[in-house]
Amino acid sequence: MIYCFYIGACLCLVILQTTILPYLPLLDRIYDLLIPFIIYLGLFRSIREGLFLVLFLGFIMDNLSGSPFGLYLTSYCWLFVGIKWTTTFVQVRSRLLQSLVVAAGVLLQNLIFIGAFTILGSNPKLPAEAGSTVVIQTLWAVGTGPVFLVFFRYIQRRLDKLMNEVVAGRTNLSLSSRR
Amino acid sequence: MFSKKMVLIVGVIVLITVNIIVLSATTKSYPAFGLGHLALSFVAPFQEFVTRSIRFIRGIWENYFFLVSVSQENLHLKKSLNHAIQKNNQMQETELANIRLRSLLNFQKAITNRVIAAEVIGKDPSAWFKTIIIDKGKADGLKRWLPVVVAQGITGQVIEISNHYSKVILIIDRNSAVDALVQRSRARGIIKGTLADQCRFEFVLQKHDVRIGDIVVASGFDGVYPKGLRIGWVSDVIKRDAEIFQEITVTPYVDFEKLEEVLIVLNPQRHEFASQQ
């Protein structure tokens, strides 16, 4: 059930950023919306739950994008590992910290992408628009990153509550039928 | 013998090294993993549904609520203009080809191509790559590396296919390359994508005459794009004394931001240069 929710949420984000956002002015260069989701998994979910989704999302994005296979997988895995490591000594609770973490995630992904272009690619020249793209994406991340994190947490809590009610309802039903 | 911290550091270094090796292997070419088309088949139907819904709503708005007659007339005029541009280009190409054919009798001109129309249902999720997803696949006769065009010119080529959907790399992607010619002076080079909606025309020698405004067309030498199809116009030329090649910027005729429908050439004419020699 929980994995269905995660996959559904990711699918919505992927569709949003491949079908709607590219056609909207100002939003055509927005950051990868799955980054806040990966950060959410890193901050609030277990490694077992998160790792499966990180690999799944990396695989999907690598196949949807024109990037070399493994680039999204790489960025998501290192982001997830980085967040898990960060939470061992920092509690990311405040909105400001969350903004910074999402911005750092966006920067890390861009760094990996640019590294793949320049070091591993056939054309070592850095794209002319690389700087502006990174700045725009980071600013978007600072502004909207925590909104996504709050939204994911809210949905998760509602879902947990709903699940608990369903389980409690079933338990009551089975107890009353036994009596 | 080794501390836990040391093992962790070595482990991370090993992981990074393995990661870089794997990435460098996949960066060289587009691997055709068997599972790749599964991801496309999984996400593309949802993209198709959302795109069609948006277009339907937009269509209602544009055609019924917002200047009905003007919109229709505009569409009609745009179609006519595209047709005229294409025809004009074909005539220019025919004229130049006729001149060359006087001396090269065994040269064959590109004839009609069989094409199939497809709708764009999704764009690349990353700002760093320029690909699109279209609603035609293996079941419609598509294969990898087929050229994708629109009336204004070359769009890209098919790089991955599933049964009903395909991924197309646009000519403005950094990994794309098209063998091209300047229509007027026949100067040859390679059109490479940049991150912006422009291309670089690389490997054009300093001695060749290239001017701003010149039309750049596909040469057909790459064995992918049919010869004579338009790519763009030269928007900037820089000649440096110390360099062998010119720095040329080409603005594509295709507006990639507004790309909604494309044509896939199913039987692109390949010039058999080897057999002619």
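All of these numbers come straight from a predicted model, not from anything done at the bench.

A.B. asks: Where do I start with the sheet that holds strand 6 (residues 177-182) of chain B in this structure?
C.D. replies: Within a sheet, adjacent strands bond to each other through the backbone by hydrogen bonds, running parallel or antiparallel. Taken in spatial order, the 6 strands of this closed barrel run 6-7-8-11-10-9 (chain B), and their pairing is antiparallel. Strand-to-strand, the axes of this sheet are offset by a mean angle of 40°, without reference to chain direction.

A.B. asks: Could you clarify how one ought to interpret the nonpolar core in this entry?
C.D. replies: Nonpolar side chains tend to gather and get buried jointly when the protein is soluble and globular. In terms of nonpolar packing, the biggest core is built from 90 residues, with Ile38(A), Ile39(A), Ile134(B), Ala180(B), Ile191(B), Val216(B) and Ile231(B) touching the most fellow members. Among the domains, domain 1 (68-174 + 259-267) and domain 2 (177-256) of chain B are the pair contributing at least three residues each to this core.

A.B. asks: Looking at this structure, I do not really get the interface of chain B and chain A. What am I missing?
C.D. replies: Tallying the contact residues gives 34 residues for chain B and 34 residues for chain A. If you list the elements that add at least two residues to the side of chain B that touches chain A, you get helix 1 (4-27), helix 2 (36-65) and strand 1 (115-123) of chain B. Among the residues forming the side of chain B that touches chain A, the class breakdown is 17 nonpolar, 12 polar and 5 charged.

A.B. asks: Explain the domain arrangement of chain B to me, please; I cannot follow it from the model alone.
C.D. replies: A common way to express how large an interface is: the accessible area buried when the components associate. Residue and element names in this part refer to chain B. Along its sequence, chain B is carved into domain 1 (68-174 + 259-267) and domain 2 (177-256). Taking the mean C-alpha position of each, domain 1 and domain 2 sit 18 Å from one another. Counting residues at the interface gives 23 residues for domain 1, matched by 23 residues for domain 2. Of all elements in the fold, only helix 3 (68-103), strand 3 (147-150) and strand 4 (153-161) reach the threshold of two or more residues within the side of domain 1 that touches domain 2.

A.B. asks: Which parts of the structure should I look at to understand helix 5 (residues 95-120) of chain A?
C.D. replies: For the α-helix, the turn length of 3.6 residues means that residues three or four positions removed from each other point alike. An ideal rise of 1.5 Å per residue puts 38 Å on 26 residues; helix 5 of chain A measures up with 36 Å between its terminal C-alpha atoms. The complete set of buried residues in helix 5 of chain A reads Gln98(A), Val101(A), Val102(A), Ala103(A), Gly105(A), Val106(A), Gln109(A), Asn110(A), Phe113(A), Ala116(A) and Phe117(A).

A.B. asks: Just checking my understanding: could you explain unusual backbone geometry for this structure?
C.D. replies: Peptide bonds are mostly trans, and most non-glycine residues show a negative phi. All names here are of chain B. Despite not being glycine, Arg 186 has its phi angle at roughly 65°, a positive value. As for its position among the elements, Arg 186 is in the loop between strand 6 and strand 7 (188-193). Of note, Phe 203 is a non-glycine position whose phi angle comes to about 60°, a positive value.

A.B. asks: I tried to follow the sheet that holds strand 1 of chain B on my own but got confused; where do I start?
C.D. replies: All names here are of chain B. Pairing is antiparallel around the closed barrel formed by 6 strands, whose spatial order is 1-2-5-4-3-12. Taken over all neighbouring pairs, the strand axes of this sheet differ in orientation by 45° on average, direction set aside. Inspection of the sheet shows strand 1 paired to strand 2 (residues 131-134) by 3 bridges, in the antiparallel sense. The partner of Gly 122 across the bridge, within strand 2, is Ile 133.

What counts as what
- Residues numbered from 1 in each chain as written.
- Chains lettered and ligands numbered in written order.
- Predicted model: local features only at pLDDT ≥ 70, side-chain atom pairs only at ≥ 80, totals over all residues.
- Pairing = 2+ DSSP bridges.
- Helix = DSSP H or I, 4+ residues; strand = E, 2+ residues; numbered from the N terminus.
- Axes fitted to C-alpha atoms, helices over the stretch in contact; angles between N-to-C directions.
- Core = buried A, V, L, I, M, F, W, Y, C linked by C-beta atoms within 7 Å.
- Buried ≥ 20, exposed ≤ 12 C-beta atoms within 10 Å, placed from the backbone.
- Domains from an automatic or database assignment.
- Contact = placed C-beta atoms within 7 Å.
- Nonpolar A, V, L, I, M, F, W, Y, C, P; charged D, E, K, R; others polar.
- Expected span 1.5 Å × (residues − 1).

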